[in-house]
Amino acid sequence: MSRHRVMAISVASGRICYVCFEDSVLLDWSLSYKASQSTKLAHAFTRKWIALLKPQVVITEDTQVKCRKGENTKLLINAVQRKIENQKLHHVAIKQPRRFKNKYEEAANYAAAFPDIKRHMPSSPMLWQSEPKEAVYIAAIGLALEIVDPERQLVA
């Protein structure tokens, strides 16, 4: 029985992360602040992560559809996408899914479904606080699940 390894790379302001699934099992994840400092670094980290985990498919957010990302973040996403395509991997760019009322409800569901990453799933900040840096994992898992297990029944 062959295994399918899928990586999703998510970019947010000041950080880039990946999550990697083998079939529907969360295998690995990492976050880098440095990778978001330039398109050159985004390329380098993408190449390193792909070499390390050897995914068959890499998923990113589609910036051509309604995307609420800033221009610099879109540039980084496009840099990541170019590096994936240069690696001759199967690349899927999809619209960021919205399965829940908010990302913190989504995070709680992912924490329950994938206990190993629970400590990285943020809770809702106070109104005066900024978004937790690790919230980028929520987007990455959401992207990955669209391919890995689109029928997964998460508690809404």
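Placed above this text is the structure.
(A) Structural view of the packing of helix H3 (residues 103-113) against helix H4 (residues 136-148). For the pair H3 and H4, the least separation of the axes is 10 Å and the interaxial angle reads 70°. Accordingly, the angle class assigned to the pair H3 and H4 is roughly perpendicular. Between H3 and H4 lies a crossing whose hand is left-handed. For the pair formed by H3 and H4, the contact residues are Lys103, Glu106, Ala107 and Tyr110 on the first element and Ile138, Ile141, Gly142 and Leu145 on the second.

(B) Representation of empty space enclosed by the protein within the structure. Applying the stated rule across the entire model yields one cavity of 30 Å³ or more. If you add up the space inside the largest cavity, you get close to 50 Å³. Together, Ile9, Ser10, Val11, Thr60, Glu61, Ile77, Val80, Gln96 and Leu143 line the largest cavity. Of all the secondary-structure elements, those providing two or more residues to the lining of the largest cavity are strand S1 (5-12), strand S4 (57-61) and helix H2 (71-86). It is S1 that provides the largest number of residues to the lining of the largest cavity, a total of three residues. In terms of residue class, the lining of the largest cavity is built from five nonpolar, three polar and one charged.

(C) Representation of the pattern of salt bridges in the model. Taken as a whole, this structure holds seven salt bridges when the rule is applied. Taking the shortest distance from any N to any O, the salt bridge between glutamate 105 and lysine 101 comes out at 4.0 Å. For the salt bridge of glutamate 131 with lysine 103, the shortest nitrogen-to-oxygen distance reads 2.4 Å. Here glutamate 131, found in the loop between H3 and H4, pairs with lysine 103, found in helix H3; they are 28 residues apart in sequence, far enough to count as distant. What makes glutamate 131 partly exposed here is its relative accessible area of 31%. Taken together, the salt bridges that share partners define one network made up of Arg15, Lys103 and Glu131.

Calculation notes
Residues numbered from 1 in each chain as written. Predicted model: local features only at pLDDT ≥ 70, side-chain atom pairs only at ≥ 80, totals over all residues. Heavy atoms only, no water. Axes fitted to C-alpha atoms, helices over the stretch in contact; angles between N-to-C directions. Helix = DSSP H or I, 4+ residues; strand = E, 2+ residues; numbered from the N terminus. Parallel < 35°, antiparallel > 145°, perpendicular 65-115°, else oblique. Left-handed = near helix turned anticlockwise from the far one by under 90°. Contact = heavy atoms within 4.5 Å. 1 Å grid on protein atoms, 1.4 Å probe; cavity = no way out; pocket = protein on both sides within 12 Å on 5 of 7 lines; lining within 4 Å. Points joined across faces, edges and corners; volume = space filled by probe spheres on them. Nonpolar A, V, L, I, M, F, W, Y, C, P; charged D, E, K, R; others polar. Salt bridge = Lys/Arg side-chain N within 4 Å of Asp/Glu carboxyl O. Buried < 20%, exposed > 50% of the residue type's maximum accessible area, 1.4 Å probe, protein only.

Shape is all these values report; function is a separate question.
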